[in-house]
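Notes for the structure review
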Amino acid sequence: ALAIWHQLTKSEIPELAKASVLMRDRSRVETTIQAMHRAGPDALQVISDFDMTLSRFAYNGTRCPTTHNILDNDLLINDACKKRIRELLNIYYPIEIDAACTVEEKLPHMVEWWTSVHELLIQQKIRKDLLALAVEQSSAMLREGYRVFFDHLQQQQVPLLIFSAGVGDILEEVIRQNHVFHPNIHVISNYMDFDQSGELQAFKGPLIHTFNKREGALLHAAHFRKLRERPNVLLLGDSLGDLTMADGLAHTQHTLTVGFLNDQVGERRESYINSYDIVLVKDETMDVPNAILNYIA
Ligand code: C5P
Ligand code: MG
C-alpha cells in the first residue's frame, strides 16, 4: 500500500506530500481518493463550512474577519455595540476553540454568544442596503486558489453546499463580490430577516452555531434527499463541529474530510488528526482541496 501511496502523492497529488499536511491514516485517504476518482464527478458532492474554511483566517499576519466580524463597521452599528460585540468575542471565542473543553461543555456558551450578538445586531436596526458596502470595506478574503475551487465545481456540475454558522446574507455577498456565486451553490446559514423599511428585525429559522450543525443538517433533510444519488462527499471545515455537516445524508459511500487547523495549533493538533482524514496546518490556500478535486472530478 505504501508503494501505491507514494505513486499517488508523487504523480497525481504531490500537494499531499507537503509538510503542512497531516494524516492519521494515509492508506485510508489513498483508498478513499482512488474510489472517489473511479466514481467520478457525477457521484460527488462537496459540503463546506464558510468562515475560516473558504474564507482566510489571516493575511500577512493579520486576522481576517468572519461574517459576523464584517458587521463591525460604523455604517451598521454604533460604538457601544461594537465594544460589546468585541467583549463577547474575547469571552467566547477562547471557549469555542478550547482543546481542554468538551463539546457538551461548550454548547451553552455558544448559544449564549450567538444569541447575545444577534440581539445586539437587531437593536442596531442594521440596514439591508448597507450590507454590500460593509463587505466591500472589510478585509474579508477567500483563500488563495478559491476561484479554481468554485469554477471547477461549477464546470463539473458538482453541487457545493456551504453550511455556515455565520451570517448567510454576508457570506453570499462575499462570494458574489468575488464573482464565484455559481448556480451549483446552496447555502444553509443564519439569514437576516428585514422589515418592510429594510431594517433588521430578527434572524430567520433555528439558530446555527458551531456545534449544532448536525441538528441543522437534519432540518434540511429535503435538500440532502435531492443529492442522494451522489454518495461521495468531500467535506471541508475548520472546527471539529463541522464534521457533522454531512449528517443529513442517509446513504454515503465514501467521505473524505479535510480540516484547516488555523489557530491553537499545538493544543489542537492531536484532536484534529484523530477527527479529520486530512489536516492542513496554517495553510491559507485551497491547494490541497483543489488538487484532490482535480484528481477525483
Ligand atoms: O461559517 P462558520 O460556521 O465557520 O461560522 C462560525 C464562525 O463565526 C465561528 O467559528 C465563530 O468563531 C465566528 N463567530 C464570530 N462572531 C460571533 C459568532 C461566531 O466571529 N458573534
Ligand atoms: Mg468555520
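The model shown is predicted, which means the values in this text are computed figures rather than measured ones. (Residues numbered from 1 in each chain as written. Chains lettered and ligands numbered in written order. Predicted model: local features only at pLDDT ≥ 70, side-chain atom pairs only at ≥ 80, totals over all residues.)

Focus on the overall build of the chain
Short version of the rule: The secondary structure listing takes helices from DSSP runs of H or I that are at least 4 residues long and strands from runs of E that are at least 2 residues long, numbered from the N terminus. Every radius of gyration here is taken over C-alpha atoms, with the globule rule written as 2.2 Å times N^0.38, N being the number of residues. For the purpose of contact definition, each residue receives a C-beta atom placed from its backbone, and two residues are in contact when these atoms lie within 7 Å.
When helices and strands are counted, the chain shows twelve helices and eleven strands. Its C-alpha atoms give the chain a radius of gyration of 19 Å, near enough to 19 Å, the size a compact globule of 297 residues would have. Counting only C-alpha atoms, the chain reaches 60 × 40 × 35 Å along its principal axes. Long-range pairs, those at least 24 residues apart, make up 71% of the contacts in the chain between residues at least 6 apart in sequence.

A short note on the sheet that holds strand S2 (residues 44–48)
Defined as follows: Whether two strands pair comes down to DSSP finding at least two bridges between them. Axis definition: a line fitted to C-alpha atoms, limited for helices to the stretch in contact. Angles are taken between N-to-C directions and run from 0 to 180 degrees.
Strand order in the open sheet formed by seven strands is S1-S11-S10-S9-S2-S5-S6, with mixed pairing between adjacent strands. One side of each edge strand has no neighbouring strand; the edge strands of this open sheet are strand S1 (21–23) and strand S6 (185–190). Across the sheet, the mean angle separating the axes of adjacent strands is 20° when strand polarity is ignored. Pairing of strand S9 (residues 232–237) with strand S10 (residues 254–261), which is carried by six bridges, proceeds in the parallel orientation. Residue pairing in the sheet places Val-233 in a bridge with Thr-255 of S10. Across the face of the sheet, helix H2 (residues 26–39) comes into contact with S1, S2, S9, S10 and strand S11 (278–281) while running at roughly 125° to S10.

Brief notes about unusual backbone geometry
Note the cut-off: In this scheme the burial state of a residue depends on its C-beta neighbours within 10 Å: 20 or more other such atoms mean buried, 12 or fewer mean exposed, and anything in between means partly exposed; the C-beta positions come from the backbone.
Positive phi, normally seen in glycine, also occurs at Asn-60, with a value near 50°. Here Asn-60 shows up in the loop between strand S3 (58–59) and strand S4 (62–63). Assessed through the 6 C-beta atoms surrounding it within 10 Å, Asn-60 is described here as exposed.

Description of the site of ligand 1
Condition: Each residue gets a C-beta atom placed from its backbone. If that atom is within 6 Å of a molecule or strand, the residue is near it. Gly is put with the polar residues, along with every residue not named as nonpolar or charged; the nonpolar set is Ala, Val, Leu, Ile, Met, Phe, Trp, Tyr, Cys and Pro, and the charged set is Asp, Glu, Lys and Arg.
The local shell around ligand 1 holds 18 residues, among which Asp-51, Thr-66, His-68, Ser-164 and Ala-165 are the closest. Counting residues per element, the ones that place at least two in the shell around ligand 1 are helix H3 (67–70), helix H4 (79–96), helix H5 (103–123) and strand S5 (160–167). In the shell around ligand 1, the residues fall into eight nonpolar, seven polar and three charged.

Examining the confidence of the model for the chain
Spelled out, the test is: Values of pLDDT, ranging from 0 to 100, describe the predictor's confidence in every residue of the model.
Averaged over all residues, the pLDDT of the chain equals 96, while 97% of them reach at least 70. Both scores are given for the predicted complex: the pTM is 0.97, the ipTM 0.99.

As for helix H7 (residues 146–155)
Going by this rule: By definition, the arc is the one covered by directions from the helix axis to the C-beta atoms.
Within the sequence span of H7, burial applies to Phe-149, Phe-150 and Leu-153. Mapping the buried residues of H7 onto a view down its axis gives an arc of 85°, with all of them on the same face. Tucked into the core, H7 has its buried residues touching S2, S5 and helix H12 (287–296). Phi turns positive, to about 55°, at Gln-157, one or two residues after H7.

A look at the nonpolar core
Rules: Only buried Ala, Val, Leu, Ile, Met, Phe, Trp, Tyr and Cys residues enter a nonpolar core, and they are joined through C-beta atoms within 7 Å.
Ile-47, Leu-71, Ile-170, Leu-234, Ile-278 and Leu-280 are the most contacted members of the largest nonpolar core, which totals 66 residues. The leading source of residues in this core is S5, at five residues. In contact with Ile-170, other than residues within four places in its own chain, are Thr-67, Ile-70, Leu-71, Leu-131 and Val-135.

Things to note about the pairing of S10
What counts is decided by this rule: With the strands pointing away from the viewer, any crossover whose connection runs clockwise from the first strand over the helix to the second is right-handed.
Among the eight residues in S10, six count as buried, and that is most of the element. Strand direction decides the pairing type here: S10 and S11, joined by four bridges, are parallel. Along S11, the bridge assignment pairs Leu-261 with Val-281. Viewed along the sheet, the connection from S10 through helix H11 (residues 265–275) into S11 turns out right-handed.

Things to note about the packing of H2 against H12
The following threshold applies: Under this scheme an angle from 65 to 115 degrees is roughly perpendicular, one under 35 degrees roughly parallel, and one over 145 degrees roughly antiparallel; angles in between are oblique.
Two elements in contact, H2 and H12, have axes whose closest approach is 8 Å; the angle formed by their N-to-C orientations is 45°. Relative to H12, the element H2 is oriented oblique. Residue-level contacts link Ile-33, Met-36 and His-37 of H2 to Ile-292, Tyr-295 and Ile-296 of H12. Considering only residue class, the contact of H2 with H12 consists of five nonpolar, one polar and no charged.

Some points on helix H8 (residues 168–177)
Counting buried positions along H8 yields eight of ten residues, so the element is predominantly enclosed. Immediately downstream of H8, the backbone of His-179 shows phi near 60°, a positive value.

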